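Spelled out from the first residue to the last, the chains are:
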Amino acid sequence: MIKTDKWMIWAFVGPTVLLLAVMMYYPMIGTLIESFYSTSFINPKPEFVGFSLYNKIFSSGNFGIVVRNSLAWTIGVVFLQNLIGFGVALLLNQRLPGQGIMRALILLPWILPGVVAAILWRFMYDPQLGIINSFLIGTGLSNTGIAWLAQESTAMIAVIIAAVWKGFPFSTLVFLAALQNVDREQIEAATVDGASALRRLFDVVLPAMRKVIVVNVILTTILTFNYFDMIWILTRGGPRDATHIFPTKIYQVGFGQFRFGEAATYGVLSVLMLSVLVAFYFIAQGSGRNKRAKA
Amino acid sequence: MTARFNLQRVLLTVLLLFVAAIVLLPFFWMISVSLKPATEPFSIPAKLWPDAPTFANYITAFRPEFRTYFVNSMIVSGATVAITVTFGTLAAYCFTRFQLNVLSLILGLVVLAQMFPHAAIIIPIYKMMKNAGLLNTRLSLIIAYVTVTLPVAIWMMHGFLAKLPITLEEAAAVDGAGPLRTFFDIIVPLSRPGIVATSVYVLIVTWQEFLFALSFTSTKEMRTLPVGMNDFIGQYGIRYGELMASSVMVSLPIVLVFFILQRQFVAGLTAGAVKG
Amino acid sequence: MKSALMMATAISLISAATAYGQEPVILKFWDNQQTESGLSQFQQAAVDRFESENPGITVEVTTIPYPEFQQRLLTAVQGGNAPDISTLDQIWVAAFAKAGAISDLTKMASDSDISRDAFFPGAWDSADYNGKLYGIPFNVDAWSFTYVNKALFAKAGIDPSSIMSWDGLKLAAEKLTDPANGQFGLGLFGHKGEDTVVVTDSFIFSNGGSVLNSDGSCGLNSPASVEALNYLASLVPYAPNGILNASSGDMRELFLNGSLAMEFWPALEQPTLQKSDLNWDFVAGQAPEGKTAIGTYGGWNLAIYKTSPNKEAAWKFIEFMTREDVNGDVVDLVPANIKAAKTFLEKNRLGAERIMKYLDNAKARPLSPVYLEVSDAEMAMMQDIYSGMPAQEAADKACKVIDAL
């Protein structure tokens, strides 16, 4: 442990604490309070209603759908985004020809403004005009094309694919940076010992990157859970409620229907659910460490 | 041995090209749509390239305001990157190096803050900006962007700094270097890959941010690119050609930045590899 | 030196303005962003003209894309930073009035030349909440005109006027559907958007049904309404797939490339079609045999916010923008001022008379502060129906939600 002065810690952490307290916690505490009041745009004199907004949401039948969708969306995007992101990072770390340009090109989806990316994908999924169905019909994989975003059975997977396309470069970037910290001598030693590439990956690279992978999975979980633009523009939570997640619900109830109190309640529930999800990861991380030790 | 090695390299290169093709296909289509004359209807099945490509959409989309939007985006994103990465690195350093209960608590609160849905807190934030007289200023956006990117920046930096061996700092301490010098002379250079990655993250997030930019600015003089380019989205439809043309123009500066800084970018990402 | 000079100039300008007994006034005007190219220039020209007619008043125009306009206005009002004036969708007026966000304009209107008979009655009444006037109509339109691709009709040997009846529309849709050649009778849209609701309403209205009964209870599950819903559901086989995520805007490209023989749009769609090579016409809605087609009113009103310190100047601006000689230059829907509308339609739109008649007949959506929740229930109902749920069951479900509001 390094010896240090308290003043340095506070000087280093202070700006962060101040900003988050004022800009995030103060408003969020306001939201928490609001969730106990019947606040709405057309009711400027709200009354204290206790847990009745919570009861209303729990008994509406919508809540279960939103929870289920949020889970499917978050887990689907996080899993695919990090898997693909890691694979691409490994590829880009191989010193292959043209990899410099590739590193820049591969970041393109992530650079594209979110609103535009969503509009682009909505257009690509268009049942008649979209390039995806043109491809399917052209290759004979489908006769009439598939209305990806208009069927309850395919809408969720379609929005997940679009989000993964948009988000995987972030994971690639993080993993690529982390790969530089993997000890090359250890890899070379393993190579000399005759370990296959796969062995080296599992025995040397993955353990060395464990911390970064865990942090990134947690991070992308949080970012994905609250990712609003993509679904809002692609489907507005439809068809019916097939892609409604917490952020789209909060926006729709609050800004679409002027019911601020209920939107606040959804906001509080959203934070609670995400906390549970993240806590679950932390626990899984602990048991994952044991499993890996056995392997 | 070498033959197998080369085959492997060829296969990997092909795989990389394949991945790149899939990733870039939507962009190809975006450019194709942006070059389509407004009078040429969309065909079924979709054509990969318009019959008579034209830059007309670019000419319509490129308006004099674009320069203002661009400058605003530059200022806001640049300032946000500088501030966020500085604050984030400082804070992450403390979280990885000093075992104080209060720091663990703060770190937990940082993670928690990232979970707050923006739609639920934007009205109170707007009120504060109004009371501080900051509405319709670039500063309001910078403050908001630093706040929303800081938790992620701290987490990213945390991931890298935690990997740095503490022995170097201990050696520096033995040599008589104070904690501040240790931080700036040893930690900062060693965490360059992390700083680069974090800066890129912050830059890209702020370059495309829409909700705060739309809510806090009202005059054309203060708008940023993502808000400015939404002029092509109306009540009953989107003018795809012009929107795609303006998207290409918005993305171009940042793509250029990457190509120009590519060497530094890669060097930044690989700088940490030298340490043992 | 230079800055000192500028300062001096600025001071003399300000004192000149005050010398005339007028504080310089800056009006903040927020408008839904229009997509028809060129309109913003016309609007700016009108603003310049207003400023020259009213020295001492400057207008700062902010345009916001429609999808975010509602959120942006709510945020500003809640944050205590509302503009002086904004356009408000007809369906928002009651909520903004009840929230106490906008001013009662009844007295200002009665003291001025602005009166009901200068405007489309449906538009004027949409600004009425509890007997008080909260806005002045700015522009209007009606959903929906049924646009036809004349070439496809001629090829199939169908007379476009035959689709004025429900039976005729369905028959034509059936004949014009040929999926093997990528051709469909008409494009139905059922995404979560207000365009889904207004088209549904016009079918309900044309069959004598209603969204809300006069006592405020839900009318969607009445026999007349359900009959209209069943009729809409019977058109599904003639529409391209993907109804549940299709918007009226999505149908535009399909109509333009000849994949659709018919489409439901407001008169606003005409400029787009005029720019194309398509041979098109339209029919002003349709009704069952023996009934009159009734459209759904849409459009925007100008409102003054309660927090505005410049209400008089704001009122001057509203008077100006709705004037006969100005109104037509600053809108892309139909001007709400009837005289301006006539000139505008004759100059810019095909079938001016048919449009005027349809507008006169059109019915407004329920003017309720909770309209947006009613509309949400109606959207859910249409998504249920287009997914195959029996209309009666879907309507009963929606009415349960609406009656609980």
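Residues numbered from 1 in each chain as written. Chains lettered and ligands numbered in written order. Predicted model: local features only at pLDDT ≥ 70, side-chain atom pairs only at ≥ 80, totals over all residues. Heavy atoms only, no water.

Description of the overall build of chain C
Secondary structure summary: chain C contains 18 helices and twelve strands in total. Its C-alpha atoms give chain C a radius of gyration of 23 Å, near enough to 22 Å, the size a compact globule of 405 residues would have. Over its C-alpha atoms, taken along the principal directions, chain C stretches across nearly 80 × 50 × 40 Å. For chain C, with 405 residues in total, the buried portion stands at 60%. Across chain C, the fraction of contacts at a sequence separation of at least 24, relative to all contacts at a separation of at least 6, is 77%. Split by element, the accessible area of chain C, about 15500 Å² in all, is 54% carbon and sulfur. Here chain C holds 30 positive side-chain charges and 49 negative ones, and the gap between their average locations is 2 Å. (Helix = DSSP H or I, 4+ residues; strand = E, 2+ residues; numbered from the N terminus. Rg over C-alpha atoms; globule rule 2.2 N^0.38 Å. Buried < 20%, exposed > 50% of the residue type's maximum accessible area, 1.4 Å probe, protein only. Contact = heavy atoms within 4.5 Å. Areas by Shrake-Rupley, 256 points an atom, 1.4 Å probe, with all protein chains shown as cover. Lys, Arg positive; Asp, Glu negative; His and termini not counted. Charge placed at Lys NZ, Arg CZ, Asp CG, Glu CD.)

Examining the sheet that holds strand β10 (residues 280–283) of chain C
Strand pairing within a sheet occurs via backbone hydrogen bonds; the two strands may be parallel or antiparallel. Residue and element names in this part refer to chain C. Spatially, the four strands line up as an open sheet ordered β8-β9-β7-β10, and their pairing is mixed. Both edges of this open sheet fall to β8 (184–187) and β10, since each of them pairs with a single strand only. The average undirected angle you get between the axes of adjacent strands in this sheet is 20°. The pairing of β8 with strand β9 (residues 260–265) spans three bridges and is classified as parallel. When the bridges of β9 are listed, Phe 184 appears paired with Leu 260. In the packing of helix α8 (residues 166–176) onto the sheet, the strands contacted are β7 (145–149), β8 and β9, and the crossing angle to β9 comes to about 140°. (Pairing = 2+ DSSP bridges. Axes fitted to C-alpha atoms, helices over the stretch in contact; angles between N-to-C directions.)

A few points about the domain arrangement of chain C
Residues and elements named next belong to chain C. When cut into domains, chain C gives domain 1 (26–142 + 299–361) and domain 2 (143–297 + 370–403). Of note, the centres of domain 1 and domain 2, computed from C-alpha atoms alone, are 28 Å apart. Contacts between domain 1 and domain 2 engage 24 residues on the former and 25 residues on the latter. For the pairing of domain 1 and domain 2, the buried interface totals around 2000 Å² over both sides, and the portion due to carbon and sulfur atoms is 60%. The largest per-residue losses of area from domain 1 upon contact with domain 2 belong to Ile 91, Leu 350 and Tyr 358, which jointly make up 31% of the total buried on that side. Remark: the boundary between domain 1 and domain 2 carries one salt bridge. (Domains from an automatic or database assignment. Buried area = accessible area lost by both parts, 1.4 Å probe. Salt bridge = Lys/Arg side-chain N within 4 Å of Asp/Glu carboxyl O.)

Concerning the interface of chain B and chain C
In this assembly, 29 residues from chain B lie in contact with 36 residues from chain C. Counting the surface lost from both chain B and chain C, the interface buries some 2700 Å², and carbon and sulfur atoms represent 55% of this. Seen at the junction of chain B and chain C, the total is zero salt bridges. Inspection of the region where chain B meets chain C yields nine residue pairs in polar contact (both at pLDDT 80 or more). In terms of residues, the side of chain B that touches chain C owes the most to one element, helix α5 (residues 118–131) of chain B, which gives four residues. A breakdown of the residues in the side of chain B that touches chain C according to their chemical character gives 14 nonpolar, ten polar and five charged. (Polar contact = N/O pair within 3.5 Å; in protein donor to acceptor, adjacent residues only side chain to side chain. Nonpolar A, V, L, I, M, F, W, Y, C, P; charged D, E, K, R; others polar.)

Some words on a nonpolar patch on the surface
All names here are of chain B. The grouping of Leu 25, Phe 28, Ile 31, Leu 48 and Trp 49 at the surface amounts to a nonpolar patch, some 440 Å² of accessible area in total. Among the secondary structure elements, Trp 49 is positioned in the loop between α1 (2–34) and α2 (56–61). Exposure remark for Trp 49: the relative accessible area of 38% places this residue in the partly exposed category. (Patch = residues over 30% accessible without salt bridge, like charges linked within 9 Å, V, L, I, M, F, W, Y side chains within 5 Å.)

What about the pattern of salt bridges?
On inspection of all chains with the given rule, the structure shows 21 salt bridges over all chains. Linking Asp 125 of chain C and Arg 116 of chain C is a salt bridge whose minimum nitrogen-to-oxygen distance equals 2.7 Å. A relative accessible area of 40% means that Arg 116 of chain C is categorised as partly exposed. By sharing partners, the salt bridges in this structure join Lys 56, Arg 259 and Glu 262 of chain A together with Glu 373 of chain C into a single network.

What about the domain arrangement of chain B?
Residue and element names in this part refer to chain B. If you check the domain split of chain B, you get domain 1 (1–54) and domain 2 (58–274). Of note, the centres of domain 1 and domain 2, computed from C-alpha atoms alone, are 30 Å apart. Between domain 1 and domain 2, the residue contacts involve six residues of the former and seven residues of the latter. Summing both sides of the interface, domain 1 and domain 2 together bury roughly 520 Å²; the carbon and sulfur share of this comes to 81%. Contact with domain 2 buries surface across domain 1, with Met 30, Val 33 and Ser 34 losing the most and accounting together for 73% of the total. Viewed at the interface, domain 2 and domain 1 are joined by zero salt bridges. Where domain 1 packs against domain 2, one counts one residue pair in polar contact (both at pLDDT 80 or more). Of the residues contributing to the side of domain 1 that touches domain 2, the split by class is five nonpolar, one polar and no charged.

Quick look at the interface of chain A and chain B
Of the residues lining the interface, 87 residues belong to chain A; the matching set on chain B comes to 103 residues. When chain A packs against chain B, close to 9100 Å² is buried across both sides, 84% of that on carbon and sulfur atoms. When residues of chain A are sorted by the area they lose upon contact with chain B, Phe 12, Phe 123 and Asn 181 of chain A head the list and together hold 8% of the total. Seen at the junction of chain A and chain B, the total is eight residue pairs in polar contact (both at pLDDT 80 or more). Looking at the side of chain A that touches chain B element by element, the count peaks at 20 residues for helix α1 (residues 6–34) of chain A. Each residue belonging to the side of chain A that touches chain B can be placed in one class, and the counts come to 67 nonpolar, 15 polar and five charged.

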